[in-house]
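# Breakdown of the fold
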Amino acid sequence: MSARRMSARRICAVVPVKDTAQAKQRLAGMLSAEQRRELALAMAEDVLQTLASAAGLAGILVVTADPAAAAIAARYGARVTGDGARADHTAAVAAAAQRLAAEGFDMLALPGDIPLVEPADIARLLAAQRPPPAFTIVPARDQMGSNALLCSPADALPLLRGRVAPARGCARSCSPAA
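Calculation notes
Residues numbered from 1 in each chain as written. Predicted model: local features only at pLDDT ≥ 70, side-chain atom pairs only at ≥ 80, totals over all residues. Heavy atoms only, no water. Helix = DSSP H or I, 4+ residues; strand = E, 2+ residues; numbered from the N terminus. Buried < 20%, exposed > 50% of the residue type's maximum accessible area, 1.4 Å probe, protein only. Contact = heavy atoms within 4.5 Å. Areas by Shrake-Rupley, 256 points an atom, 1.4 Å probe, with all protein chains shown as cover. Phe/Tyr/Trp six-rings, centres within 6.5 Å; stacked < 30°, edge-to-face > 60°. Lys NZ or Arg CZ within 6 Å of the ring centre and 35° of its normal. Pairing = 2+ DSSP bridges. Arc of directions from axis to C-beta. Polar contact = N/O pair within 3.5 Å; in protein donor to acceptor, adjacent residues only side chain to side chain. Axes fitted to C-alpha atoms, helices over the stretch in contact; angles between N-to-C directions. Expected span 1.5 Å × (residues − 1).

### Examining the overall build of the protein chain
Looking only at helices and strands, the protein chain features five helices and six strands. Secondary structure elements of the protein chain occur, N-terminal to C-terminal, as β-α-β-α-β-α-β-α-β-β-α. Across the 178 residues that make up the protein chain, the buried fraction comes to 42%. Intrachain contacts of the protein chain at a sequence separation of at least 6 include 61% that bridge at least 24 residues. When the accessible area of the protein chain is evaluated, it comes to approximately 9300 Å², of which 57% is carbon and sulfur surface.

In structure tokens form, the structure reads like this:
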């Protein structure tokens, strides 16, 4: 990893990218399977480009079993793992969290299809994080999931299957030790 991307906290971004052959099914009525695949790959590349140019990250880990997504990840210097890649988003992030915790990293997890995310957004999120142990959740617009999760250390917050509203999850565990 380049010195430019090293940080004292050693934060690694995690980006799960599911099999793009099955991506964006909600758009099936408007886009062909190939168009949906290309859209998913373009969105993942946008996220990876943003992360690669964001200050404060020590690395990027892409969780995928998709060869095209893995090739894009490699262009941005990301490590690629298949651990948890065939499971749901939460399981993929949980597998990455275990790996990163064992390696001494904090974790910033975000989906591979966040539109218009910019390096300044990443910088604001990293700046908002309190000293470890801590976690910061960026809720999705629908309040039924999250658009980003920052955990210090990587396994500071137990990840549960399914969609849990961030407010309810935070109310149950005000601190990572709860």
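### Some remarks on the packing of aromatic side chains
In this structure the tally under the stated criterion is zero aromatic pairs. Sitting over the ring of phenylalanine 105, arginine 10 keeps its end group 3.9 Å from the ring centre.

### A word on the pairing of strand E4 (residues 106–109)
The two faces of E4 match: Asp106 and Leu108 on one face and Met107 and Ala109 on the other face are all buried. The pairing of strand E1 (residues 11–16) with E4 spans four bridges and is classified as parallel. Looking at E4, one finds that alanine 13 is bridged to leucine 108. In this sheet, strand E6 (residues 146–152) lies alongside E4 in antiparallel orientation, the contact comprising three bridges. Bridge pairing links alanine 109 to leucine 149 in E6.

### Details of helix H2 (residues 67–75)
For H2, the full list of buried residues reads Ala69, Ile72 and Ala73. Buried residues of H2 fall within an arc of 100 degrees about the axis and therefore sit on the same side. Seen from the buried face of H2, the exposed residues on the opposite side, beyond 90 degrees, are Pro67, Ala74 and Arg75. Check the buried side of H2 and you find it contacts helix H1 (33–53), strand E2 (59–63) and strand E3 (79–81). Sitting at the head of H2, aspartate 66 places a side-chain oxygen 2.9 Å from the backbone nitrogen of alanine 68. Phi turns positive one or two residues past the end of H2, at glycine 77, with a value near 75 degrees.

### Quick word on the sheet that holds E2
Strand order in the open sheet formed by six strands is E3-E2-E1-E4-E6-E5, with mixed pairing between adjacent strands. This sheet does not close on itself; its edge strands, each paired only once, are E3 and strand E5 (134–139). Each strand axis lies, on average, 20 degrees off the axis of its neighbour in the sheet, ignoring direction. Pairing geometry for E1 and E2, over five bridges, is parallel.

### Here's the deal with H1
Here H1 spans 30 Å end to end across 21 residues, near enough to the 30 Å set by a 1.5 Å rise per residue. If you check which residues of H1 are buried, you get Arg36, Ala40, Leu41, Met43, Ala44, Val47, Leu48, Thr50, Leu51 and Ala52.

### So, the environment of alanine 128
With respect to the element layout, alanine 128 can be found in helix H4 (residues 119–128). Here alanine 128 falls in the partly exposed class, since its relative accessible area comes to 47%. Once the C-alpha coordinates of alanine 128 and leucine 150 are considered, the two residues, 22 residues apart in sequence, prove to be 9.6 Å apart.

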